[in-house]
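Residue-level structure breakdown
Single-letter residue listing:
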Amino acid sequence: MKLSTSFAILLLAAIVIPVASAQTMQPAHPSTIKAAPEGTPTAKSDPVALVNGVPIPRAAYEQELRRVFPYYSMHGNAIPKEYEAGVRRKALDNLIEAELVYQEAQRRNLQIPSREWQQRLNEIRKEYGSQAEFEATMKKYFGTREAFEKKLRHDMLLDKMYLLEVKQKSVVTAADV
């Protein structure tokens, strides 16, 4: 399933990279984070947290649970009791950190240059046999082209923050080795 794998990689990059960069940055201003209390019954549409007023959707949380605990579906979409609190906390922390990094990118007014945007779109499109195949997969995972492009821009900004805050500051010289 090359199609699913490509989008899965794109989605994983959106989560892995911001976590690494968020751990190295100090916020420019205090953040407000409100999570739903443990064990609080909530509707499927309710956010699991608010980060400076931005909701973290339950669907994103469920997806992150599957990423953090890859055997989630093998356990009937339930996390074994002995791991539940840690897995749920890690998933929520990952999403909160990603949102904080994204908000910092917005605060800094970081932009994705048109050339870089087109290059990334072309790289993704090349993963598919045809434009129709690309469009069908995009619709399956994101619903609309607009939702796909919004998520891609979001992910690219997270990548940019990672580059600025981690990669460029983490130069290893021969003397360090």
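Chains are numbered independently. Their residues run from 1 in the order of the written sequence. Whole-chain, interface and lining totals are the exception, using all residues; otherwise, since this is a predicted model, local features are given only for residues with pLDDT of at least 70 and side-chain atom pairs are given and counted only at 80 or more. Side-chain metrics rest on all non-hydrogen atoms present in the structure, leaving aside hydrogens and water.

In this section: unusual backbone geometry. Phi angles above zero are rare outside glycine, and Asn52 is one such case at about 55 degrees. Helix and strand assignments come from DSSP, with helices taken as H or I runs of at least 4 residues and strands as E runs of at least 2, each series counted from the N terminus. Secondary-structure assignment places Asn52 in the loop between strand 2 (49–51) and strand 3 (54–56). The phi dihedral of Asn109 falls on the positive side, at around 60 degrees, and the residue is not glycine. Within the fold, Asn109 resides in the loop between helix 3 (81–107) and helix 4 (114–125). Accessible area is worked out with a 1.4 Å probe on protein chains only. A residue is then buried under 20% of its type maximum, exposed over 50%, and partly exposed in between. Owing to a relative accessible area of 54%, Asn109 belongs among the exposed residues under this scheme.

With that settled, consider the packing of aromatic side chains. Any Phe, Tyr or Trp ring, taking Trp's six-membered ring, that has another such ring centre within 6.5 Å forms a pair; planes under 30 degrees apart are called stacked, those over 60 apart edge-to-face, and the others tilted. Enumeration according to the criterion identifies 4 aromatic pairs in this entry. Both rings, one in Phe134 and one in Phe148, keep their centres 5.7 Å apart while their planes meet at 85 degrees; by these two values the pair is edge-to-face. Of this pair, Phe134 sits in helix 5 (residues 131–142) while Phe148 is found in helix 6 (residues 145–167), placing the two residues 14 residues apart along the sequence. Its guanidinium or amino end placed over the ring of Trp117, Arg153 lies 3.8 Å from that ring's centre, counting from NZ or CZ. For a ring to carry a charge above it, either NZ of a lysine or CZ of an arginine must fall within 6 Å of the ring centroid while also lying within 35 degrees of the normal to the ring plane.

The next subject is the pattern of salt bridges. Between Lys or Arg on one side and Asp or Glu on the other, a salt bridge is scored when a side-chain nitrogen of the former is within 4 Å of a carboxyl oxygen of the latter. One pass over the full model with this rule turns up 13 salt bridges. Of the charged contacts in the structure, one is a salt bridge between Arg88 and Glu84, with a shortest N-O distance of 3.0 Å. Of this pair, Arg88 and Glu84 both sit in helix 3, separated by 4 residues, roughly a single helical turn. Residue classification places Arg88 among the partly exposed positions, given a relative accessible area of 24%. Overlapping salt bridges, with partners in common, bring together Glu104, Arg107, Arg108, Glu165 and Lys169 in one network.

Moving on to helix 4. Each helix should span, by expectation, one fewer than its residue count multiplied by 1.5 Å. End to end, helix 4 covers 16 Å across 12 residues, agreeing with the expected 16 Å (1.5 Å per residue, within 8%). Within the sequence span of helix 4, burial applies to Trp117, Leu121 and Ile124. Take helix 4 and look down its axis: the buried residues cluster within an arc of 60 degrees, on one side only. When we speak of the arc, we mean the arc of directions from the helix axis to the C-beta atoms.

Bringing the packing of helix 3 against helix 6 into the picture now. The geometry of helix 3 relative to helix 6 is characterised by a closest axis approach of 9 Å and an angle of 85 degrees between their N-to-C directions. Taken together, helix 3 and helix 6 sit at an angle that is classed as roughly perpendicular. Contact with helix 3, carried on its side by Ala98, Glu99, Val101, Tyr102, Glu104 and Ala105, involves His154, Leu157, Leu158 and Met161 of helix 6 and no other residues of that element. Throughout, the ten residues Ala, Val, Leu, Ile, Met, Phe, Trp, Tyr, Cys and Pro are labelled nonpolar, Asp, Glu, Lys and Arg are labelled charged, and all others, Gly among them, are labelled polar. In terms of residue class, the contact of helix 3 with helix 6 is built from 7 nonpolar, 1 polar and 2 charged. Axis angles are defined between N-to-C directions and span 0 to 180 degrees, where every axis is a line fitted to C-alpha atoms and, for a helix, only to the segment in contact. Oblique is the label for any angle not under 35 degrees, not over 145, and not in the 65 to 115 range, which are roughly parallel, roughly antiparallel and roughly perpendicular in turn. In this description, contact between two residues means that some pair of their heavy atoms is separated by no more than 4.5 Å.

Everything listed here is a matter of coordinates, which is why it stays silent on function.
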